[in-house]
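Secondary and tertiary structure notes
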Amino acid sequence: PDFFGAVKDMHSNESFRRAGENQNLDEIVGRLTSVSGLDGTEYHELVAALRNHEEQFDQLKNKYLYHGVRPLEDILQEAKTDLDMAVQACNCQDKSAEAVSKLVSHLSVCFTLVKSGKKFLQADVSQQERKLVIPHRGQMLTLFRFLQCHKAAQPDALWKRIFNWVHDKVCGQPGNSQQPDNHLAQVLTGEGKCLTLGLLASFLALNGLESDIVCYRKFLIEQDREFMRPLFKFLGVEEKIRYMTFDELCEERLAHIRQASKELIESGKVTTARSQGQFANRACLIDEVDVVFARNFYGNTWDGGFKLTSPQAVGLVSHIFSEVTAGRPIKNIADTDEFQDLLEAYPEEMRGVLTQKAAELVQNVEEWSKPEPILDEKTGRIGYKEKDEVSYDISYSNQTTFAYLSFLQQGKLTPEQVQEQIGIDMLCGRFSFADLPNSYACILGVTGTLMELRSIEGFETVLQNEYGFKHFTITPSIFAGGRLLFNPGEHVQVHAVEDEWGLGLERLVAEHTARGDSVLVFFKNETQMKKYPGWANMQCLTERTNPKSRKGYIAAATAEGKATLLTRAFGRGIDFQMPEKHRLVVIQTYLSSLVSEEQQIKGRTARHGKSGLFLQVLCAQHLEGKMAFSPEDVNSLRNLKGDQIQSLLKAKQTAKTSSKFFGMAERRNRARHLEAETRKWESLLFGDAETSQKLKRLATFNEVRDPVHYSVLLDISMSMSGKRKQHMDVAFSKFREQLCAQERQGINTMVSVVLFNHTTQVIVPTHVKASELQDIAHRQVGGGTCFHNAFAACRTLISKRSKTQELILFLTDGEAECPERELTALLAEHGNRIKCITCVALGAQAGKSVLKNIGAKFQAKNISFNLYDANSEESLVTAFQEAAGGRAIHCK
């Protein structure tokens, strides 16, 4: 991996160097100011700032490297002394924009010396200059815009606000100065976001403002940290700059709550100090800002807890596991000695919730493999797929503990490895990902797709109003002209069905590898990847790939004649080395619902001024089922010309992106409410309330009542377009409101949603509380109608829980074949738990005879059946509300 990394750095540096030689300074500044909407005055200021920087950089470079032969240690010492003087000049009373600009230049030179000084001194004289790694013009312009040090007369420039804010904070008057402005910049993929943020963080740290560089993937964070670590260490700011994932930040926020909660339940006291304002005195530097607005983050919560590991808790878990694996089902856990020992070990206020936790353990012991636990045998840790990678920092409450015991039983883990993992899980906090950045003193972010984000209607309002972004910069590419070959008329293929699609992909890959091209084939997920013929014999990069092996696989992927299959997670943030003597071909096998994702995947090739080819190989079934294509739209893709094809694809993507954005505010409000509950608990926990009151609140936080689960099956075929879809959205909203009201009364209800046409979409996560249920208004319609897949998905959902009362709500506006086989399997496996099925026939074309036939099969099993004929919004709302009010759901 070190060799591969060195080769990649060498090629990148050479590409950046050549690009810098070929780019006209005035021209690149002109492109930045034009696209960013800046005026002529700022153009001239940026030109002057960049020119002065390059003059200062050359002077310092010559001073350190071309005035006699000296040891690198002496050169670095001199550079550090000069840098310290530049920092002092910035912090003196008459500090100026000129002094700030000089400090930026000194920082840049220090990076060059630390990164490449040794190679420079070791090289032949004729090759020395080519060994230097120098921040390029695009990176420097982005820094100038962030710091606004090119604007001498700007009273609220970021650098001024930083100095004033830090000064007032040190003097104990933090409220006297305005916090620094938030700023978002577009830096194209492969053009150095890592160094841009690293230099920015260095500047802030040297001037008193510590920062967190935040990304969504641990792999990318670790990669960037290692790249910048030598500079941070040289500057003495390594402890002031942290590279963190969003999960790690939430973990830090919860740490004091977790420790205090565990203290409370085990000793009845709280000695842990409350952490105050962990982030309020730091800057948040976000890499790939657009990911923050993805569904996995925006509107989602990070849930954290602690584990009871007393001998009594471990004893109960071990007893349940050993009994069940020995084939002795537990009829009443409360009758066991192990359970009575548990109750005696903990405060009386916790007995009710511990009884529920014990029942939860009995329920989960047979479901420990859902979702699939992924064991790292080297570390002995169990992880799960989350946010495009396998995370070993998460677990499933009172379920993962059995996964550890099972792997221990199989001999894959030792007793020492599982010792700390066995116990009873307790919830103690939930934090909203979307609100995390606003905890900081300021937010400075970069993304490769800012223009695409801002083109979404209403998105810029969110950026400005919710996050206070006041400045936006579009940094142009330093490489003259794009060299990506993509002609939609020639390079977009559409296959009718999945079998043809897979074979078409295989032929295309074979064709290009035979020419010597290296080929990257991106799939939406691992399931789709496995539909590629012969996938098992290919090199595959998925979330499961061992992180220690990834760097070598990534480097090898661009070898001549090599083909690699990848999941979408590797379509952003990964710098595939551009080959010198052959072409890198990227094939995307699905149409991205987010325009920004497609741009990122395209950006894996044609980097650093090299040429590349992008192809799309699509399946009509996927387009109709997921992207609201009609059969006529699919035919158009086959018959239209290039520009027309691109326009159609862009229109569908834009519609899908906008529809996803539609429910963002609602999702965020729900997550914000859950975080507010955590804040109330935090105040109570660290306050002066009686211990008994605190314990009762912790118990309420963890309370589990008799669960009821709704499987909601909703038709989104093409005939549901227009008013019908709108009416269904309203009815679904009312359904959720009624369940939320019941939830506030303590009724434990879970809901899973299946959207179906001729395929199915299971909304994840499943089995959520009504208050956490996602809106469906943004979901698009398309495709035909098939009941078979809908009830097959229903059967799978019900199989995930064994102690729930089940209710089914089924809506359709069309007619399809009765799913005989799926209903027979569903009723055979779960008929004893299904209490009621409600079928809603929407409109005159709905096949009521088929629905009656479906209902008869449930009635034959003594299951209640309701059929509603809905021809208006009002009648549809009534049907959904009555389904939510079914009496059977509250029976114990």
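Treat the numbers as computed from the prediction; the structure is a model and nothing was measured.

**Here we look at the overall build of the protein chain**
- From N to C terminus, the protein chain includes 33 helices and 25 strands.
- Taken over the C-alpha trace, the protein chain has a radius of gyration of 30 Å; the compact-globule value for 892 residues is 29 Å, and the two agree within 12%.
- The buried share among the 892 residues of the protein chain stands at 56%.
- Charge-centre separation for the protein chain: the mean point of 108 positive side chains lies 1 Å from the mean point of 111 negative side chains.

**Quick word on helix 30 (residues 787-799)**
- The end-to-end C-alpha separation of helix 30 is 19 Å, in line with the 18 Å expected for 13 residues at 1.5 Å each.
- Among all positions in helix 30, only Phe-787, His-788, Ala-790, Phe-791, Ala-793, Cys-794, Leu-797 and Ile-798 are buried.

**Here's the deal with the state of the cysteines**
- Evaluated as defined, the whole model comprises zero disulfides.
- Cys-194 supplies the cysteine sulfur nearest to Cys-215, a cysteine that is in no disulfide, at a spacing of 10 Å.
- For the unlinked cysteine Cys-442, the closest cysteine sulfur is that of Cys-284, found at 8.5 Å.
- Exposure remark for Cys-442: the relative accessible area of 1% places this residue in the buried category.

**Considerations on the packing of aromatic side chains**
- Enumeration over the complete set of coordinates arrives at 21 aromatic pairs.
- Aromatic pair Phe-297 and Phe-433: ring centres 5.2 Å apart, planes at 70°, arrangement edge-to-face. You can see Phe-297 sitting in the loop between strand 4 (282-287) and strand 5 (301-308) and its partner Phe-433 sitting in the loop between strand 9 (424-432) and strand 10 (442-447), a full 136 residues away along the chain. Here Phe-297 and Phe-433 have matching classes, each one buried.
- Plain terms: the ring middles of Phe-735 and Phe-880 are 6.1 Å apart, the flat faces sit at 85° to each other, and that makes the pair edge-to-face. One end of the pair, Phe-735, is in helix 29 (residues 723-744); the other, Phe-880, is in helix 33 (residues 873-884), and 145 residues separate them in sequence.
- Residue class for Phe-735 comes out buried when judged on its relative accessible area of 0%.
- Members of the aromatic cluster, joined through ring pairs, are Tyr-710, Phe-732, Phe-735 and Phe-880.
- The side chain of Arg-217 reaches across the aromatic face of Phe-570, ending 5.1 Å from its centre.
- Arg-550 extends its terminal NZ or CZ atom over the ring of Phe-219, reaching a point 5.5 Å from the ring centre.

**Overview of the side chain of Gln-616**
- The topology assignment puts Gln-616 in strand 18 (residues 612-619).
- A distance of 3.2 Å separates the side chain of Gln-616 from the side chain of Glu-598, its partner in a polar contact.
- For Gln-616, the residues in contact, after removing those within four places along its chain, are Phe-486, His-491, Val-492, Gln-493, Gln-588, Leu-591, Glu-598 and Leu-649.

**Observations regarding the pattern of salt bridges**
- If you walk through the whole model with that rule in mind, you get 58 salt bridges.
- A salt bridge links Arg-515 to Glu-511, with the nearest nitrogen and oxygen atoms 2.9 Å apart.
- Among the residues examined, Glu-511 registers a relative accessible area of 38% and is labelled partly exposed.
- Measuring nitrogen to oxygen at the nearest pair gives 3.5 Å for the salt bridge that ties Arg-697 to Glu-677. Residue Arg-697 is located in helix 28 (residues 691-701), and its partner Glu-677 is located in helix 27 (residues 664-686); the two are separated by 20 residues in the primary sequence.
- The network of salt bridges with common partners includes Glu-210, Asp-212, Arg-242, Glu-252 and Arg-282.

**Some points on the environment of Ala-99**
- The topology assignment puts Ala-99 in helix 5 (residues 97-122).
- Since its relative accessible area comes to 13%, Ala-99 is described here as buried.
- Ala-99 has contacts with Ala-89 and Cys-90, leaving out every residue within four places of it along the chain.

**Overview of the packing of helix 3 (residues 40-65) against helix 7 (residues 137-147)**
- Closest axis-to-axis distance for the helix 3/helix 7 pair is 10 Å, and the angle between their directions is 120°. Considering the angle they form, helix 3 stands oblique to helix 7. Note that helix 3 runs across helix 7; the crossing there is right-handed. Listed contacts from helix 7 to Glu-42, Leu-46, Ala-49, Leu-50, His-53 and Glu-54 of helix 3 are Arg-137, Met-140, Leu-141, Phe-144 and Arg-145.

**Overview of the sheet that holds strand 10**
- Reading across the sheet, the six strands line up as 3-2-4-10-1-11 and stay open at both edges, with parallel pairing between neighbours. Lying at the two open borders of the sheet, with one neighbouring strand each, are strand 3 (241-245) and strand 11 (469-474). Each strand of the sheet is rotated relative to its neighbour by a mean of 20°, with strand direction disregarded.
- In this structure, strand 2 (residues 210-215) lies alongside strand 4, joined through five bridges in parallel fashion. If you follow Ile-213 over to strand 4, its bridge partner there is Leu-285.
- Packed on one face of the sheet, helix 7 meets strand 1 (182-186), strand 10 and strand 11 and runs near 160° to strand 1.

**Quick word on the packing of helix 5 against helix 10 (residues 218-235)**
- In contact at an axis separation of 10 Å, helix 5 and helix 10 are set at 115° when each is read in the N-to-C sense. Along this stretch, helix 5 crosses helix 10, giving a crossing that reads as right-handed. Where helix 5 approaches helix 10, its residues Leu-107, Cys-110, Phe-111, Val-114 and Lys-115 are matched on the opposing element by Phe-227, Pro-230, Leu-231, Phe-234 and Leu-235.
- Split by residue class, the contact of helix 5 with helix 10 holds nine nonpolar, no polar and one charged.

**Side note on helix 4 (residues 72-91)**
- Spanning 20 residues, helix 4 covers 29 Å between terminal C-alpha atoms, matching the ideal 28 Å at 1.5 Å per step.
- Considered for burial, the residues of helix 4 that qualify are Leu-72, Ile-75, Leu-76, Ala-79, Lys-80, Asp-82, Leu-83, Ala-86, Val-87 and Cys-90.

**A look at the pairing of strand 17 (residues 584-588)**
- Along strand 17, five of the five residues are buried, which leaves the element largely enclosed by surrounding structure.
- Neither face of strand 17 is left uncovered, since the one carrying Leu-584, Val-586 and Gln-588 and the one carrying Val-585 and Ile-587 both have all their residues buried.
- Of the pairings in the sheet, the one linking strand 14 (residues 518-523) to strand 17 comprises five bridges and is parallel in character. Opposite Val-521, over in strand 17, you have Ile-587 as the bridge partner.
- Alignment of strand 17 against strand 18, held across five bridges, turns out to be parallel. By the bridge assignment, Ile-587 is partnered in strand 18 with Leu-615.
- For the crossover from strand 17 across helix 23 (residues 595-602) to strand 18, the handedness is right-handed.

**With respect to the environment of Arg-161**
- Among the secondary structure elements, Arg-161 is positioned in helix 8 (residues 158-170).
- The exposure class assigned to Arg-161 is buried, which follows from its relative accessible area of 8%.
- Sequence separation between Arg-161 and Leu-147 is 14 residues; the distance between their C-alpha atoms is 9.7 Å.

**Considerations on the environment of Leu-147**
- In this fold, Leu-147 is placed in helix 7.
- Residue Leu-147 is classed as buried on the basis of its relative accessible area, which comes to 1%.
- Between the C-alpha atom of Leu-147 and that of Pro-180, which follows or precedes it by 33 residues, the distance is 9.8 Å.

**Considerations on unusual backbone geometry**
- With an omega of 0°, the peptide bond running from Val-764 to Pro-765 counts as cis.
- Inspection of the secondary structure assignment puts Pro-765 in the loop between strand 21 (760-762) and strand 22 (768-769).
- A positive phi angle is found at Glu-288, which is not glycine, with a value near 60°.
- Take Glu-288: it is sitting in the loop between strand 4 and strand 5.
- Given a relative accessible area of 4%, Glu-288 falls into the buried group.
- In the Ramachandran plot, Asn-862 falls in the positive-phi region, its phi being about 65° despite a non-glycine side chain.
- Within the secondary structure layout, Asn-862 lies in the loop between helix 32 (848-859) and strand 25 (864-870).
- For Asn-862, a relative accessible area of 76% puts it in the exposed group.

**A few points about the confidence of the model for the protein chain**
- Averaged over all residues, the pLDDT of the protein chain is 87; the fraction at 70 or higher stands at 91%.
- Note on residues 886-892: pLDDT is under 50 here. Beyond four places in sequence and across chains, it has 13 contacts.

Cut-offs used in this document
Per chain, residue numbering runs from 1 following the sequence as it is written. Totals for whole chains, interfaces and linings use all residues, but because this is a predicted model, local features are given only for residues with pLDDT of at least 70 and pairs of side-chain atoms are given and counted only at 80 or more. Side-chain measures here rest on the full set of heavy atoms in the structure, leaving out hydrogens and waters. A run of DSSP states H or I qualifies as a helix once it reaches four residues; a run of E qualifies as a strand once it reaches two. Both are numbered from the N-terminal end. Values of the radius of gyration come from C-alpha atoms, whereas the globule rule sets the reference at 2.2 Å times the count of residues to the power 0.38. Here the term buried applies to any residue with accessible area under 20% of the maximum for its type, exposed to any over 50%, and partly exposed to those in between, with areas from a 1.4 Å probe on protein chains only. His is not counted, nor are the chain ends, whereas Lys and Arg count as positive and Asp and Glu as negative. Taken as the charge centre is NZ of Lys, CZ of Arg, CG of Asp or CD of Glu, depending on the residue. Expected span of a helix, by definition, is 1.5 Å for each gap between consecutive residues, and there is one gap fewer than residues. What counts as a disulfide here is a pair of cysteine sulfur atoms lying within 2.5 Å. Only the six-membered ring of Trp is used, alongside the rings of Phe and Tyr, when aromatic pairs are assigned; centres must lie within 6.5 Å, and planes under 30 degrees apart are stacked while those over 60 apart are edge-to-face, with the rest tilted. Each ring is checked for a lysine NZ or an arginine CZ that lies within 6 Å of its centre and within 35 degrees of its normal; such an atom marks a charge sitting over the ring. Residues adjacent in sequence count toward polar contacts only when both atoms are side-chain atoms; beyond that, a polar contact is any pair of N or O atoms within 3.5 Å, and within protein one must be able to donate a hydrogen and the other to accept it. Residues count as neighbours in contact if any of their non-hydrogen atoms are within 4.5 Å of one another. For this document, the term salt bridge refers to a Lys or Arg side-chain nitrogen within 4 Å of an Asp or Glu carboxyl oxygen. Axis definition: a line fit to C-alpha positions, over the contact stretch in the case of helices; interaxial angles, taken between N-to-C directions, run 0 to 180 degrees. Orientation categories follow fixed angle ranges, with anything under 35 degrees roughly parallel, anything over 145 roughly antiparallel, 65 to 115 roughly perpendicular, and all other angles oblique. For any helix crossing, the convention is left-handed if the near helix is rotated counterclockwise from the far helix by under a right angle, and right-handed if that rotation is clockwise. Strands are labelled as partners when DSSP assigns at least two bridges between them. Residue classes follow a fixed rule: Ala, Val, Leu, Ile, Met, Phe, Trp, Tyr, Cys and Pro count as nonpolar, while Asp, Glu, Lys and Arg count as charged, and any other residue, Gly among them, counts as polar. A clockwise course of the path from the first strand over the helix to the second, judged with the strands pointing away from the viewer, identifies a crossover as right-handed. A residue's pLDDT is the predictor's confidence in that residue, given on a scale from 0 to 100.

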